[in-house]
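Chain and residue survey
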Amino acid sequence: MKSESQVIVRPARNVRGTVSIPGDKSISHRYAMLAGIADGPSRLENYSTGADCASTLGCMRALGVKWERKDGADNVIEVLGSGLSLAAPSGALDCGNSGSTIRMLSGIVAGQKFTTEMAGDESLSRRPMERVITPLTAMGANIASQNGRPPLRIAGTNLKAVHYRMPVASAQVKTCLLFAGLLAEGETWIEEPLRTRDHGEVALRAFGAELQRKGNEVRIRGGQRLRGIEARVPGDLSSAAFFLCAAALFPGSQLTITNLLMNPTRARLLDILVQIGLRISVTQLEEIHGELVGTLQIEGGGLKGAAIAGADTAALIDEIPVLAAIAPYTEQGIEFRDAKELRVKESDRIASIAANLRAMGAEVEEHQDGLKIPGGQSLHGTEIESFDDHRIAMAFSIAALRAQGETLIRGSECAAISYPAFFTALESLVEH
Ligand code: S3P
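Residues numbered from 1 in each chain as written. Predicted model: local features only at pLDDT ≥ 70, side-chain atom pairs only at ≥ 80, totals over all residues. Heavy atoms only, no water.

On to the overall build of the chain. The helix and strand tally for the chain stands at 13 helices and 24 strands. Taking 2.2 N^0.38 as the reference for a compact globule, 432 residues should give roughly 22 Å; the C-alpha atoms of the chain span a radius of gyration of 21 Å, in line with that estimate. Overall, the chain is about 60 × 45 × 45 Å in size when its C-alpha atoms are taken along their principal axes. Per-residue burial over the chain gives 59% buried out of 432 residues. (Helix = DSSP H or I, 4+ residues; strand = E, 2+ residues; numbered from the N terminus. Rg over C-alpha atoms; globule rule 2.2 N^0.38 Å. Buried < 20%, exposed > 50% of the residue type's maximum accessible area, 1.4 Å probe, protein only.)

Shown next as structure tokens:
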């Protein structure tokens, strides 16, 4: 039995203060993988402190990549790249809870001269992998799975470029195929149904690769060598989302978030929160290795409602749990549609959100592809399940700030998957 911890969240009056957020999870994974297959050393500052990105580092080490933590810090990493050819691991790679690790790294190991087994925890073992198995198989890899789920056994080969139209909008799949394309013979074309986060493309360019993008199509020529970089990973906007939504709950909130990722393919949340009534201004905007970074000044305002569907849903996929958690407190409520991907995340997030909102006394309509959450509701504190899903644990600690009475979050330790210091940071920002 694994040990389970819990936290108690008390209602708040306000959110005030300044916070710097740990490095973005999506970018950290990509930098660690690309630094591992680059020529020469890379230095990565503000690398994500989350367990998921540690899983990626563990896998890279098992594939022969040398890296170490530097400056006595848990978020500074120096990696010595192995070049495009990695070493055969001595056992199965442990991807932990991380869908990003198993999916994106599949693209790299599929182009190696050895067989790699990749496995993970119980939640990861339920997640769909055919979305990477199908295109990698078309490129020549031989992949065995458990009915399309992990563990995966990938027999690496000399990959052949493909022209692939992705049926699911997924940046993990796109990145997997770009990585495989880098190792393949010829030019790989990938077409995505909707524009998803482009950190894979931006990171490949930062490491020196050339890519072409036209509309929703991106192309990469195989055999390009990468060179190591020195980078500071921008703060994770999906982690900042919890504090942004907390600020939205109180008209008197005043919050400053420094060094935050502002990549337009990730920042749709800011538009939605402004629409809802938050006032946000951005200062000190700069570009680091192709990623926009800025300081955000946030002031609470109104709490109007929103309707989120289509491309917005894909752009906001990781922020939906926390938007749903504040939805009952909005004036008109929030409706989420086209979100069936949420059912195959770390938990079935549609079901987890509905169960927890109902436990707090809210009315919710659950659909196969989304949720309709009426506004103008009062919630009460209760016992909340994390469902071993980091974003659910953190989202409901935000709902708890406006509830009547205390809320106990069971299994709160799972926040460490993306943000180990989350509850301490939250406590430092709320006024009771
Ligand atoms: C991610 C893409 C999204 C997101 C995940 C991180 C990425 O997943 O939910 O947290 O870094 O590319 P999908 O690719 O499954 O949409």
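Having seen the structure, we can now continue with the description.
For the rest of this paragraph, the subject is helix H12 (residues 390–399). With respect to burial, H12 is a largely interior element, ten of its ten residues being buried. Residues of H12 that are buried include every one of His390, Arg391, Ile392, Ala393, Met394, Ala395, Phe396, Ser397, Ile398 and Ala399, and no others. At the N-terminal end of H12, a side-chain oxygen is found 3.1 Å from the backbone nitrogen of Arg391, two or three residues along, and the residue is Asp389. (Polar contact = N/O pair within 3.5 Å; in protein donor to acceptor, adjacent residues only side chain to side chain.)

Turning next to the site of the ligand. Around the ligand, the structure places Ser26, Arg30, Ser100, Arg103, Ala169, Ser170, Ala171, Gln172, Arg197, Ile317, Asp318 and Lys345. In the model, an oxygen atom of the ligand is placed 3.1 Å from a nitrogen or oxygen of the Ala171 main chain. Contacts to the ligand include Lys345, whose side-chain N or O atom sits 2.7 Å from an oxygen atom. When the ligand is considered free in solution it has 380 Å² of accessible area, and contact with the protein chains removes 94% of it. Residue assignment for the shell around the ligand shows that the elements contributing at least two residues are helix H1 (25–37), helix H3 (99–109) and helix H5 (171–183). Grouping the amino acids of the shell around the ligand by side-chain chemistry returns three nonpolar, four polar and five charged. Counting contributing residues, the shell around the ligand receives three or more from each of domain 1 (6–22 + 234–431) and domain 2 (25–231). (Near = heavy atom within 4 Å. Areas by Shrake-Rupley, 256 points an atom, 1.4 Å probe, with all protein chains shown as cover. Nonpolar A, V, L, I, M, F, W, Y, C, P; charged D, E, K, R; others polar. Domains from an automatic or database assignment.)

On to the packing of H1 against helix H2 (residues 51–62), then. Between H1 and H2, the least distance of the axes is 9 Å, while the angle of their chain directions is 10 degrees. In terms of orientation, H1 lies roughly parallel with respect to H2. For the pair H1 and H2, the contacting residues are Lys25, Ser28, His29, Ala32, Met33 and Gly36 in the first and Asp52, Cys53, Thr56, Leu57 and Met60 in the second. Here the residues of the contact of H1 with H2 sort into five nonpolar, four polar and two charged. (Axes fitted to C-alpha atoms, helices over the stretch in contact; angles between N-to-C directions. Parallel < 35°, antiparallel > 145°, perpendicular 65-115°, else oblique. Contact = heavy atoms within 4.5 Å.)

Attention now goes to the environment of Glu299. For Glu299, the location among the structural elements is in strand S17 (residues 291–299). The spacing of Glu299 and Gln254 is 45 residues in sequence and 4.7 Å in space, taken between C-alpha atoms. Setting aside its immediate chain neighbours within four residues, Glu299 contacts Ser253, Gln254, Leu278 and Arg279.

Once that is clear, we can look at the domain arrangement of the chain. Segmenting the chain into domains produces domain 1 (6–22 + 234–431) and domain 2 (25–231). Averaged C-alpha coordinates put domain 1 and domain 2 at centres separated by 28 Å. The interface is formed by 28 residues belonging to domain 1 together with 27 residues belonging to domain 2. Buried area between domain 1 and domain 2, summed over both chains or domains, comes out near 2,300 Å², and the portion from carbon and sulfur atoms is 50%. Summed over the three residues of domain 1 that lose the most area to domain 2, namely His289, Glu346 and Ile417, the buried surface amounts to 28% of that side. For the interface between domain 1 and domain 2, the tally reads three salt bridges. Glu346 is the salt-bridge partner of Arg127, the closest N and O atoms lying 3.8 Å from each other. Counting across the interface, domain 1 meets domain 2 through 13 residue pairs in polar contact (both at pLDDT 80 or more). Secondary-structure elements contributing two or more residues to the side of domain 1 that touches domain 2 are strand S15 (254–261), helix H9 (310–315) and H12. Here the element with the most residues in the side of domain 1 that touches domain 2 is H9; it accounts for three residues. (Buried area = accessible area lost by both parts, 1.4 Å probe. Salt bridge = Lys/Arg side-chain N within 4 Å of Asp/Glu carboxyl O.)

The side-chain alternation of strand S5 (residues 77–80) yields one buried face, formed by Ile77 and Val79, and one unburied face, formed by Glu78 and Leu80. Looking at chain direction, strand S3 (residues 41–45) and S5 are connected through four bridges and run antiparallel. Residue pairing for S5: Ser42 is matched across the bridge by Val79. The sheet contact formed by strand S4 (residues 66–69) and S5 spans four bridges and is antiparallel. Paired with Lys66 across the two strands is Leu80, which belongs to S5. (Pairing = 2+ DSSP bridges.)

With that settled, consider the packing of aromatic side chains. This model, assessed by the stated rule, comprises six aromatic pairs. With a centroid separation of 5.9 Å and 70 degrees between ring planes, the pair formed by Tyr31 and Phe207 is classed as edge-to-face. Within this pair, whereas Tyr31 is found in helix H1, its partner Phe207 is found in the loop between helix H6 (199–206) and strand S12 (211–214), the two being separated by 176 residues in sequence. Here Phe207 falls in the buried class, since its relative accessible area comes to 0%. Pairing Phe243 with Tyr419 gives two aromatic rings, centres 6.1 Å apart and planes at 80 degrees, and the pair type is edge-to-face. Placement of the pair is Phe243 in helix H7 (residues 237–248) and Tyr419 in the loop between strand S23 (407–410) and helix H13 (422–429), with a sequence separation of 176 residues. The class of Phe243 is buried, set by a relative accessible area of 1%. Take Tyr419: its relative accessible area is 3%, and that puts it in the buried class. (Phe/Tyr/Trp six-rings, centres within 6.5 Å; stacked < 30°, edge-to-face > 60°.)

Glancing now at the side chain of Thr295. Its location among the elements puts Thr295 in strand S17. Those residues in contact with Thr295, other than ones at most four positions away along the chain, are Thr256, Ile257, Thr258, Asn259, Ser281, Val282, Thr283 and Gln284.

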